[in-house]
Amino acid sequence: MKTELAVIGGGPAGLCAAIEAAQRGVEVTLVDENQRAGGQLFKQIHRFFGSEEHLAGVRGLTIGEMLLEDARKYGVKVALNTVAWGLFSDRQIGVTAPDGVDTLEPQKVVVATGAIENSLSFPGWTLPNVMGAGAAQTMVNVHRVLPGQRVLIVGSGNVGLIVAYQLLQAGAEVTAVVEALPGISGYQVHASKIVRMGVPILCRHTILRALGTECVQKAEIARVDERFNPVPGSERLLDVDLICIAVGLRPLAELCHMAGVRFEYYPALGGHVPLHDSTMQTTLPGVYVAGDVSGIEEASSAMEEGRLAGIAVSVALGKVDPQAGAKDLAEAGRRLRALRLGPYGDDRHEAKEKIVQSCGQGAR
Amino acid sequence: MMENPLLEQSSGVLSYEELRRHPSYPSEERYRKGPIAVIECVEAIPCNPCQTVCHRTVITVGEPITNLPRLIDQEELCNGCGQCVVICPGLAIFIIDKTFSETEAAVTMPYEFLPLPAKGDRIRGVNRAGREVCGGYVHKVRNVKGYDRTVVVTVAVPKEFADEVRFFRRAG
């Protein structure tokens, strides 16, 4: 099937790319493997940070509804339950839809496939109810299933802290959050709100093992020294039935690998990321990335990157005057820059600058 | 609910002394004049909805957006309306009224849990470290559609705990 723009992944980045392009007259096909588009927005029941232009103070799930509405309004063709399993160097995309296998032949592609949670291996980690914090968040907030009553969270980044809070909202007890580093990784405000609810955040602590026969019944934690080795004698058994692993995410970038996009390693962005320029175009002409697949950040940045890609595609396809396009790109770039300010954004900003630089160098 | 024995080892507790050092933390003199928003936001996060929502324009973030919000209230314009309490994604703004009664202060906070408390419920005031520190009761529960599921609860506690209580549990 031919289309002007194929967007792979209907999360915040993919939806925004699709909306920006569609409202500029691009014919857009968006494929998403899920039953509903929106990516992780519908489990983000909390209010977003940022400024008014980033929809700060609005809950993620509300933003999800707004984006789906815009996608409908501008005529984005959304193919749900459709897995993109291959991206080839000529931009052909192999997809499996409910009615069979198909090939998309787009003029441009935006890969917005998001991220996957990192795992952590320890004795007992394969027991049922050891799961990613994001998985628990999906179960609770999307499917309304509480997977456990007494929870240990491993990792104090924003995901761990937010999921702790949302598990409390769902009626669970959070026994502890453990963090191997000497300090909390996420925002102080997220830490404050769970600590005042009685959830201890134990820094310099790690999980040693999960115990249980059919399912998690206990977790053993211990203090760690400067080299992250457990301190003998500091072990402690916690009576928990759910262990949530919140130790970061990494880009879900296999399609970019497969197509031959050049990658570099950026720890601040979650690992190996596809190189891209300031309009989100990768080292393969016509292939763009946006959102977590291009480096782990958060939903608001993902939306702005998606907008950059959508505008850039519209310009490249001759749908808008390049000058008007440049102005819109600059605006989106400015909004994106604001989200990377401050101590939590500096490293990401710097890494993204290097990516753009690297992308411009060397053979495409 | 039983207190978690691990709490005493917890990180992440802001001390009152630390918060007080921020230039716009209300003075005792200001507290004597009526309710005021208290912003417990100490990190340079790019975020400013408190500024946007403040009808009386007493909360300022400015540029860059990572500035800490400042409540500049020389003319005592802040009346504790609570819009900032609702909108703050960090749940970090409270309205403190030390003039609530002769012996009690009112602490207003965002609340996102069910079941909702009701006016008159007996409570235990909880401090920033998750510890119950005093008794009290629910004075007001504001559950407005425009608040988008953030309920604003005001509890009355003994005045000497006004700077400590930032959450509550039901008593008994």
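Residues numbered from 1 in each chain as written. Chains lettered and ligands numbered in written order. Predicted model: local features only at pLDDT ≥ 70, side-chain atom pairs only at ≥ 80, totals over all residues.

A.B. asks: Would you explain the overall build of chain B in this entry?
C.D. replies: Scanning chain B from terminus to terminus reveals 4 helices and 9 strands. Along chain B, from the amino end to the carboxyl end, the secondary structure elements read α-α-β-α-β-β-α-β-β-β-β-β-β. For 172 residues, the compact-globule formula gives about 16 Å, and the C-alpha radius of gyration of chain B, at 16 Å, lands near that figure. Principal-axis analysis of the C-alpha atoms places the extent of chain B at approximately 45 × 35 × 35 Å. Sorting the 172 residues of chain B into buried and exposed places 42% on the buried side. Sequence separation of 24 or more characterises 61% of the internal contacts of chain B that already satisfy a separation of 6 or more. (Helix = DSSP H or I, 4+ residues; strand = E, 2+ residues; numbered from the N terminus. Rg over C-alpha atoms; globule rule 2.2 N^0.38 Å. Buried ≥ 20, exposed ≤ 12 C-beta atoms within 10 Å, placed from the backbone. Contact = placed C-beta atoms within 7 Å.)

A.B. asks: I would appreciate a short explanation of the interface of chain B and chain A in the present structure.
C.D. replies: How big an interface is tends to be reported as the loss of accessible area on association of its parts. Taken together, the contact between chain B and chain A spans 38 residues of the former and 36 residues of the latter. For the side of chain B that touches chain A, the secondary-structure elements that each account for two or more residues are helix 3 (49-53) and strand 9 (165-170) of chain B.

A.B. asks: I tried to follow the packing of helix 7 (residues 299-316) of chain A against helix 8 (residues 322-339) of chain A on my own but got confused; where do I start?
C.D. replies: The axes of two packed helices give the description: the angle between them and the distance between them. Residues and elements named next belong to chain A. Interaxial distance between helix 7 and helix 8 falls to 9 Å at its minimum, and their mutual angle equals 165°. In terms of orientation, helix 7 and helix 8 fall into the roughly antiparallel class. Crossing angle aside, the handedness with which helix 7 passes helix 8 is left-handed. Mapping the contact onto sequence places Ser300, Ser301, Glu304, Glu305, Arg307, Leu308, Ile311, Ala312, Ser314 and Val315 in helix 7 and Pro322, Gly325, Asp328, Leu329, Ala332, Gly333, Arg335, Leu336 and Leu339 in helix 8. Considered class by class, the residues forming the contact of helix 7 with helix 8 number 9 nonpolar, 5 polar and 5 charged. (Axes fitted to C-alpha atoms, helices over the stretch in contact; angles between N-to-C directions. Parallel < 35°, antiparallel > 145°, perpendicular 65-115°, else oblique. Left-handed = near helix turned anticlockwise from the far one by under 90°. Nonpolar A, V, L, I, M, F, W, Y, C, P; charged D, E, K, R; others polar.)

A.B. asks: What is the right way to read the domain arrangement of chain A from this model?
C.D. replies: Residue and element names in this part refer to chain A. Partitioning chain A into domains gives domain 1 (2-116 + 249-360) and domain 2 (119-245). On a C-alpha basis, the centres of domain 1 and domain 2 stand 31 Å from each other. At the interface, 4 residues of domain 1 touch 6 residues of domain 2. Across the side of domain 1 that touches domain 2, the residue classes break down as 2 nonpolar, 1 polar and 1 charged. (Domains from an automatic or database assignment.)

A.B. asks: Where do I start with the environment of Ile355(A) in this structure?
C.D. replies: All names here are of chain A. Note that Ile355 resides in helix 9 (residues 346-360). Residues Ile355 and Val83 lie 272 residues apart in sequence; the distance between their C-alpha atoms is 28 Å. For Ile355, the contacting residues outside a window of four places in its chain are Glu264, Tyr266, Val273, Leu275 and His276.

A.B. asks: Help me understand the nonpolar core in this model?
C.D. replies: In summary, soluble globular proteins display a tendency toward joint burial of nonpolar side chains. One finds Ala18(A), Val110(A), Val111(A), Tyr288(A) and Ala290(A) to be the most contacted residues of the largest nonpolar core, which totals 118 residues. With 9 residues, helix 7 of chain A is the single largest residue contributor to this core. Among all residues touching Ala18(A), those that are not within four sequence positions of it are Val7(A), Val28(A), Leu30(A), Ala71(A), Val76(A) and Gly310(A). With 42 residues, the next largest nonpolar core counts Ala191(A), Ile243(A), Cys244(A) and Ala129(B) among its residues. (Core = buried A, V, L, I, M, F, W, Y, C linked by C-beta atoms within 7 Å.)

A.B. asks: Is there a simple way to think about the sheet that holds strand 5 (residues 104-111) of chain B in this case?
C.D. replies: Pairing between the strands of a sheet comes from backbone hydrogen bonds, and it takes one of two forms, parallel or antiparallel. All names here are of chain B. One open sheet holds the 7 strands; their spatial order is 1-4-5-8-7-6-9, and the pairing between them is antiparallel. Looking at the sheet topology across the chains shown, the edges are occupied by strand 1 (36-39) and strand 9. In this sheet, neighbouring strand axes are inclined to one another by 40° on average, regardless of whether the strands run parallel or antiparallel. As paired strands, strand 1 and strand 4 (residues 93-97) are joined by 4 bridges and run antiparallel to one another. (Pairing = 2+ DSSP bridges.)

A.B. asks: Looking at this structure, I do not really get the confidence of the model for chain B. What am I missing?
C.D. replies: In regions of low pLDDT, the predicted coordinates are not meant to be interpreted in detail. Summing up the model confidence of chain B, the mean pLDDT is 95 and the portion of residues at 70 or higher is 99%. Per the prediction output, this complex has pTM 0.97; the corresponding ipTM is 0.97. (pLDDT = per-residue confidence, 0-100.)

A.B. asks: I tried to follow unusual backbone geometry on my own but got confused; where do I start?
C.D. replies: The general pattern is negative phi for most residues beyond glycine and trans for most peptide bonds. In the segment running from Glu63(B) into Pro64(B), the intervening peptide bond is cis, with an omega of -5°. Among the structural elements, Pro64(B) can be located in the loop between strand 2 (59-60) and strand 3 (70-71). A cis geometry characterises the amide bond from Leu114(B) onward to Pro115(B), with omega recorded as -5°. Note that Pro115(B) resides in the loop between strand 5 and strand 6 (122-127). Phi is positive for Arg91(A), close to 75°, though the residue is something other than glycine. Along the polypeptide, Arg91(A) turns up in the loop between strand 4 (83-87) and strand 5 (93-97). One non-glycine residue, Met280(A), lies in the positive phi region at around 75°. Overall, Met280(A) belongs to the buried group, with 31 C-beta atoms counted inside 10 Å.

A.B. asks: How should helix 1 (residues 12-22) of chain A be read in this particular structure?
C.D. replies: The periodicity of an α-helix, 3.6 residues per turn, causes residues three or four positions apart to be oriented the same way. Residues and elements named next belong to chain A. Counting buried residues along helix 1, 11 of its 11 residues qualify, which places the element largely inside the surrounding structure. Of the positions making up helix 1, those classed as buried are Pro12, Ala13, Gly14, Leu15, Cys16, Ala17, Ala18, Ile19, Glu20, Ala21 and Ala22. In this structure, the buried residues of helix 1 make contact with strand 1 (2-8), strand 2 (28-31), helix 2 (60-73), strand 6 (100-111) and helix 7.

A.B. asks: Hey, could you run me through the pairing of strand 2 of chain A in this one?
C.D. replies: The side chains of a regular strand alternate between the sheet's two faces. Residues and elements named next belong to chain A. Burial along strand 2 is two-sided: the residues Val28 and Leu30 and Thr29 and Val31 are all buried. Strand direction decides the pairing type here: strand 1 and strand 2, joined by 4 bridges, are parallel. Bridging from a neighbouring strand, Val7 pairs with Leu30 of strand 2. Taken together, strand 1, helix 1 and strand 2 form a β-α-β motif whose crossover is right-handed. (Right-handed = clockwise from strand over helix to strand, strands pointing away.)

A.B. asks: Can you walk me through the sheet that holds strand 13 (residues 218-223) of chain A in this structure?
C.D. replies: All names here are of chain A. Here we have 3 strands laid out as an open sheet, ordered 12-13-14, and antiparallel in their pairing. Since the sheet does not close on itself, it has two edges, and those belong to strand 12 (205-211) and strand 14 (236-238), each with one partner. If you compare each strand with its neighbour and ignore which way they point, the axes differ by 30° on average. Two elements, strand 13 and strand 14, share 3 bridges in a ladder whose sense is antiparallel. Following the sheet pairing, Glu220 is matched in strand 14 by Leu237.

A.B. asks: Sorry if this is basic, but what is going on with the packing of helix 4 (residues 158-169) of chain A against helix 5 (residues 188-195) of chain A here?
C.D. replies: Residues and elements named next belong to chain A. Packing of helix 4 against helix 5 leaves a shortest axis separation of 9 Å and a crossing angle of 30°. Between helix 4 and helix 5, the interaxial angle falls into the category roughly parallel. Helix-helix and strand crossings are classified by hand; for helix 4 and helix 5 the assignment is left-handed. Touching Asn158, Leu161, Ile162, Ala164 and Tyr165 of helix 4 are His190, Ala191, Lys193 and Ile194, all from helix 5. Taken together, the residues that form the contact of helix 4 with helix 5 break down as 6 nonpolar, 2 polar and 1 charged.

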